[in-house]
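# Residue-level structure breakdown
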Amino acid sequence: MIRQIFIVCALNFKSLPRRFWTSMVIVVGLGATVGVLLSMLSLTTGMQQAILHSGDPGRAIVVSAGSDSEGQSVITRAMAPLIVDAPGIAKDKDGKPLADKAATMGVPVLRKDGTKGYTTMRGLGTKGLALRPELKLVAGRFFQPGRREMMVGRGAQSLYKGMNIGDKVILPGGEWPIVGVFSTGDLMEGQLVGDADTLMTATHHANYNAVLVRLKSMDSFDTFKKALSTNPALSVTAQRHSDWYKRVSSESTIGLVILAYIVGAVMAIGALFGCLNTLYAAVSARGREIATLRALGFSAFPVAVSVIIEGVVLAVAGAAIGAAIAWTLYDGKRDAFGNIIFFLTVSPATVGLGIFWAMLVALLGGLLPSIRAARRPVVDALRAT
Amino acid sequence: MSSAISLRHVVKHYRRGKESVEVLHDLSLEIPAGEFVSLMGPSGSGKTTILNLVGGLDSCNSGEVIVGGEHLETLSGGQLTKWRGHNIGFVFQFYNLMPMLSAAANVELPLLLTSLSKSERQRRVAVALEIVGLKDRASHKPGEMSGGQQQRVGIARAIVADPAILLCDEPTGDLDRASADEILTLLQQLNRQQGKTILMVTHDPKAADHATRRLEMDKGQLIERVLVGA
Amino acid sequence: MKYFPLVWAAIMRKPARAILTLLSVMIAFTLFGLTIGMNATFTTMAKNARADRVYVGARFGGDMSLAMAAQMAQIPGVSMVAYTNGLNGYHQEKKNKVYAMMADAKLADTLTEWPITRAQWDMLQKNRTGILISRQQATLWHLKPGDDFVIASPQHPRGDGQPWKLRVLDIVGDVGYMSGGYILGNYDYFNKSLPLAKQDKVDQYFVQAGDPTHSADLAQKVDDHFANSTIPTQSITEKAALDVSNVGIDISAVDRDIALAGMFMVLFLTANGIAQSVRERFAEFATLKTIGFSDNGVMALVFLEAAIPCLLGAALGVGLASWITTVLPRLFPPGQGVPIPMMTPSVYLWAIFSASAVALISAVLPAMRLKRMDIATALSGR
């Protein structure tokens, strides 16, 4: 049986050049579908990767109960010590807990292409830098606590105007000069950092936004979380930093992801009809060839399979071309959504998805024509002109 | 009787790759109106070429082709097309009907080019179908008819615009004896009762019997076959 | 017209092919309708944007104070100042996010183009715990007038610790740029019920410019006024706010590209179908020419054979897109909606234009072949 399938398929592909343009309908249809799908997903994949890359599961973030973002959260000066003294937090070389009280605020910026954007200004506390070993100085110097000055991340510098050392950024209470550039290898590279207390004074905010801690060990999270939730004086939520970012990631991207799949599905349906059309025509064109094989003793199943395989091969070829085009046009391009700077990504996973999508369409599109190929009476097909 | 069809010193050659094959050398032919002429000859002798020239489907390299008083060699492509619609009816060996249209719709095709009203067109279609004896088959598709019936539809289509001349290319070539005879009788009827000039190319000697004049093509030359014992 | 049966017979010669082509064209135009329709929404929104409105927000996030209203009203060029504070919370479950704009009375005088009657605005003043809810939100939460809507809000808790129980006063029409719908409440009631520390805050000011031609300047003036204060502002005119190309990802370009991809797919399919059909029927076309159909007549037949499925598919597709826009909001989680595409006349015109272009391009090559056809050879080919 397998041998028969091979022979029939080989014969089929030999006759394919005669059906070149009709076959191209499948290639173009799936190429367009997968190309569009992957282009849209390059946005969401890029965003998700940038966000997920940023969460360290060995850190935990504490925000006020019910807050979805650090900006919404309020940790008062009274609450802060209670959090910092909770069990489960790692200690630094001085024996003090590695916990940082942070303040954040949004800062409007102008992108290099002229469009409006915004990013986050992050006020770090005394332990802020110790908590973030991934933060490295790339140029200039660190900001000094108590001074109205800031550092910009590498990503922010490349995407926004006015982010070079010496430039000044308008903040409440005046302009803050940029004194250094840092890299972290994650989302924070799109942001600005300065001293939390100075920031809070300048903005007349009495309260912090969040507390970030380094856990003693991966397992101490539960202890930490329990201590906070059972404290009647606190109404806060603790999450691993990685989980926090997972939620942020899905919330930011869910709308676009749904849209991408809707568009992809609609185009796939359009491609499906094109597929059906082409494969019906192929069966028709191969009528005599199929009938001869049947008369010679080949059974119906290999014939049917050959139709589906033809569809799948063409569809996958189209998907590959579409993926290649999407990759060439978009992969690696820098973009920003809100304060999230990311790279558009056509990842191997999404390419795999695109190919799978195409195979599904081809299987569905090949089913009916393959049945027709198998069922057509041999005598009729031999007689047909 | 004036000539309905006149070919004078017609030369026609075809290009086959780099070669030029001369099919008609200095051919002259006069066919008076009202004649039923059969034209026989081996394949490639040029009989279909003569038909195409008379029908304005092809043009000669030199000479004159005068049909119904019109010098076809002076008309442009567009003018030939229009002229053809009014003056010529074609009957083909393989009928050339539109498979998805009913008999009536097939017959109506030439009338679509006129400015006749729908009811007038339908009246003429009915008349044509009546003449060929297919009135009760008007709504049937070609696929539902025998070869002889399809050819009758073809003839109905050829006469519906009432052209003066019918050009038939092997009209009985694909039919069995009985159907062939029916078709030939019909053509004869159209010639005798309606005065249509008919030029018929055929392989069939029996078909030639129905004509009023028999011609043969042999190596590009026309030979008249006189009736023996008419 | 009288040639229709001939064209129809040609199309229906292979019914399966005709139907599949039609369906494919229809699907492509559904996508076309949704994407170009969304662009039409953006264009309409931008066109209908009020030239005299300036939105003022806090430059660095967070809330502004009520005290700023009096100062803003003093700025030369400002004819009216209205404000809202937002109630951010959820209904029953944390994932059911709700956002209500608790509005001051003057909002009725500035949002005059919104589909809310004077009587409805007055309801908010007469029933302080009441809310007006737009149709999309009403459908989402299954609310009708008279129902109570309970919102829990950790971010804006009531002073007494209870959740917010608001009564639905009436259902009002949706507004294009408020995707997902909106809810309006009474600012005064909201403000007085908050804990003291959270009172007298504003999250959005609506400033009306006396002179619409200088609203951009006015926006700058407001920002300059508050630049060195404790709460610097970021002001933007409504026209600028609704200009989609100014936001990070240019959605209108994305829409256009998707529509083009769909059209390309359809073009290929249709061109192929027509080419095949003409090839199969060469002798038929030759016969038509012998009967007397002119070259142009035959080419017109081919074009019509391509145009009818394209135009029909376009009409059906855009119609389907229109239906989809009614269910579109349901596909997205609350608070994550997309602007609803509108099938404006311009969308239909673009669809007709595209369908005709596809038909024309598809028919060109086969029609040229027919024009150049040698009738004699075509007929003898049998």
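These lines cover the structure that appears in this document, whether it is placed above or below. (Residues numbered from 1 in each chain as written. Chains lettered and ligands numbered in written order. Predicted model: local features only at pLDDT ≥ 70, side-chain atom pairs only at ≥ 80, totals over all residues. Heavy atoms only, no water.)

### What about the overall build of chain C?
Heads up, the rule is: Each helix is a run of DSSP H or I of at least 4 residues and each strand a run of E of at least 2, with the numbering of both proceeding from the N terminus. Throughout, the radius of gyration refers to the C-alpha atoms, and the reference size of a globule is 2.2 Å times the residue count to the power 0.38. Exposed residues in this analysis have more than 50% of their type's maximum accessible area, buried residues have under 20%, and partly exposed residues fall in between, with area computed by a 1.4 Å probe over protein chains only. The protein chains shown are the only cover counted for residues, whose accessible areas, like all others here, come from Shrake-Rupley with a 1.4 Å probe.
Within chain C one finds 14 helices and 11 strands. Taken over C-alpha atoms, the radius of gyration comes to 29 Å for chain C, far larger than the 21 Å a tight globule of 382 residues would show. Considered along the principal axes of its C-alpha atoms, chain C spans approximately 95 × 45 × 35 Å. In chain C, buried positions account for 53% of the 382 residues. For chain C, the computed accessible surface area is about 16,500 Å², with 61% contributed by carbon and sulfur atoms.

### Digging into the interface of chain C and chain A
The following threshold applies: Residue contacts are counted whenever heavy atoms from the two residues lie within 4.5 Å of one another. Computed with a 1.4 Å rolling probe, the buried area is the accessible surface lost when two parts are put together, summed over both parts. Whenever Lys or Arg places a side-chain nitrogen within 4 Å of a carboxyl oxygen from Asp or Glu, that contact is recorded as a salt bridge. The definition of a polar contact used here is a pair of N or O atoms within 3.5 Å, where within protein one atom must be able to donate a hydrogen and the other to accept one, and adjacent residues in sequence count solely through side-chain atom pairs. Residue type decides the class: Asp, Glu, Lys and Arg count as charged, Ala, Val, Leu, Ile, Met, Phe, Trp, Tyr, Cys and Pro as nonpolar, and the leftover types, Gly among them, as polar.
Chain C puts 35 residues into the contact, and the matching count from chain A is 49 residues. A buried area of about 3,700 Å², summed over both sides, lies between chain C and chain A, and 71% of it is on carbon and sulfur atoms. Inspection of the region where chain C meets chain A yields 0 salt bridges. Where chain C meets chain A, there are 2 residue pairs in polar contact (both at pLDDT 80 or more). Breaking the side of chain C that touches chain A down by element, the ones donating at least two residues are helix H2 (15-48) and helix H10 (251-280) of chain C. Considering only residue class, the side of chain C that touches chain A consists of 17 nonpolar, 14 polar and 4 charged.

### Focus: the interface of chain C and chain B
Listed per partner, the contact involves 20 residues of chain C and 20 residues of chain B. Across the interface of chain C and chain B, roughly 2,000 Å² is buried in total on both sides, 68% from carbon and sulfur atoms. Across the chain C-chain B interface, the total number found is 0 salt bridges. One can count 4 residue pairs in polar contact (both at pLDDT 80 or more) joining chain C with chain B. Every element with two or more residues in the side of chain C that touches chain B is listed here: helix H1 (4-11), helix H11 (282-291) and helix H14 (375-380) of chain C. At 6 residues, the largest contribution of residues to the side of chain C that touches chain B is made by H11 of chain C. For the side of chain C that touches chain B, the class distribution of residues is 11 nonpolar, 4 polar and 5 charged.

### Considering the pattern of salt bridges
One pass over the full model with this rule turns up 45 salt bridges over all chains. Put simply, Glu-149 of chain A and Arg-147 of chain A hold a salt bridge, and the shortest N to O gap is 3.6 Å. A relative accessible area of 4% places Glu-149 of chain A in the buried class. Residue Arg-147 of chain A is classed as partly exposed on the basis of its relative accessible area of 39%. Its salt-bridge partner being Lys-14 of chain C, residue Glu-280 of chain C comes within 3.0 Å of it at the nearest N-O pair. One end of the pair, Glu-280 of chain C, is in helix H10; the other, Lys-14 of chain C, is in the loop between H1 and H2, with 266 residues separating them in the sequence. Accessibility expressed as a relative area gives 34% for Lys-14 of chain C, which makes it partly exposed. One network of salt bridges, in which partners are shared, links Arg-13, Lys-14, Arg-17, Glu-280, Arg-281, Glu-284 and Glu-305 of chain C.

### Examining the packing of aromatic side chains
Two aromatic rings are characterised by how far apart their centres lie and by the angle between their planes. The criterion, for reference: When two rings of Phe, Tyr or Trp (its six-membered ring) have centres within 6.5 Å they constitute a pair, described as stacked for plane angles under 30 degrees, edge-to-face for angles over 60, and tilted for the intermediate range.
Under the counting rule described, the total for this entry stands at 17 aromatic pairs over all chains. For the ring pair Phe-90 of chain B and Phe-92 of chain B, a centre distance of 5.7 Å and an interplane angle of 5° mean the geometry is stacked. We classify Phe-90 of chain B as buried; its relative accessible area is 8%. The interplanar angle of 25° and the centroid separation of 5.9 Å between the aromatic rings of Phe-4 of chain C and Trp-8 of chain C together place this pair among those described as stacked. Highlighted residues: Phe-4 of chain C and Trp-8 of chain C, both in helix H1, separated by 4 residues, approximately one helical turn. Overall, the relative accessible area of 39% leaves Trp-8 of chain C in the partly exposed class. Three or more aromatic residues joined by ring pairs form one cluster here, namely Phe-20 and Trp-21 of chain A together with Phe-264 and Phe-268 of chain C.

### Some thoughts on H11 of chain C
Each α-helix winds once per 3.6 residues, and so residues spaced three or four apart point in a common direction. Residue and element names in this part refer to chain C. The buried fraction of H11 is high, at 9 of 10 residues. By the burial criterion, the buried members of H11 are Ala-283, Glu-284, Phe-285, Ala-286, Thr-287, Leu-288, Lys-289, Thr-290 and Ile-291. Looking one or two residues past H11, Gly-292 carries a phi angle of roughly 130°, positive in sign.

### Observations concerning the side chain of Ser-23 of chain A
All names here are of chain A. Checked against the element boundaries, Ser-23 lands in helix H2 (residues 20-52). Take Ser-23: its relative accessible area is 4%, and that puts it in the buried class. Residue contacts for Ser-23: discarding those within four places in its chain leaves Leu-16, Thr-278 and Leu-314.

### Topic: the nonpolar core
Definition in use: The criterion is simple. A nonpolar core is a set of buried Ala, Val, Leu, Ile, Met, Phe, Trp, Tyr and Cys residues joined through side-chain atoms within 4.5 Å.
Of all hydrophobic cores here, the largest spans 82 residues; its most connected members are Leu-7, Ile-50, Val-67 and Leu-199 of chain B. With 11 residues, helix H12 (residues 295-331) of chain C is the largest single contributor of residues to this core. Excluding its chain neighbours within four sequence positions, the residues that come into contact with Ile-50 of chain B are Leu-7, Leu-24, Leu-27, Leu-39, Leu-199 and Met-217 of chain B.

### Here we look at the sheet that holds strand E6 (residues 88-91) of chain B
Residues and elements named next belong to chain B. Stated precisely, the cut-off is as follows: DSSP-based pairing: two strands are paired if at least 2 bridges between them are found. Working convention: axes come from line fits to C-alpha atoms, limited for helices to the stretch in contact. Angles between N-to-C directions cover 0 to 180 degrees.
Read from one edge of the open sheet, 6 strands run E6-E7-E8-E3-E9-E10, paired in mixed fashion. Because the sheet does not close on itself, it has two edges, and the strands there are E6 and strand E10 (221-225). Neighbour to neighbour, the strand axes of the sheet diverge by 20° on average, direction disregarded. Relative to strand E7 (residues 165-169), E6 is paired through 4 bridges, and the arrangement is parallel. Note that in E7 the partner of Ile-88 across the bridge is Ile-165. Contacting E6 and E7, helix H2 (residues 77-87) runs over the sheet at an angle of about 80° to E6. The strands touched by helix H5 (residues 147-159) are E6 and E7; relative to E6, the strand with the most contacts, the crossing angle is about 170°.

### Some thoughts on H2 of chain A
Stated formally: Multiplying 1.5 Å by the helix residue count minus one yields the expected span of that helix. A residue's bend is given by the angle between axes fitted to the 7 residues ending at it and the 7 residues starting at it.
With 33 residues, H2 of chain A ought to run about 48 Å at 1.5 Å a step, and its terminal C-alpha atoms sit 45 Å apart, in line with that. Maximum bend of H2 of chain A: about 30°, positioned at Leu-41 of chain A.

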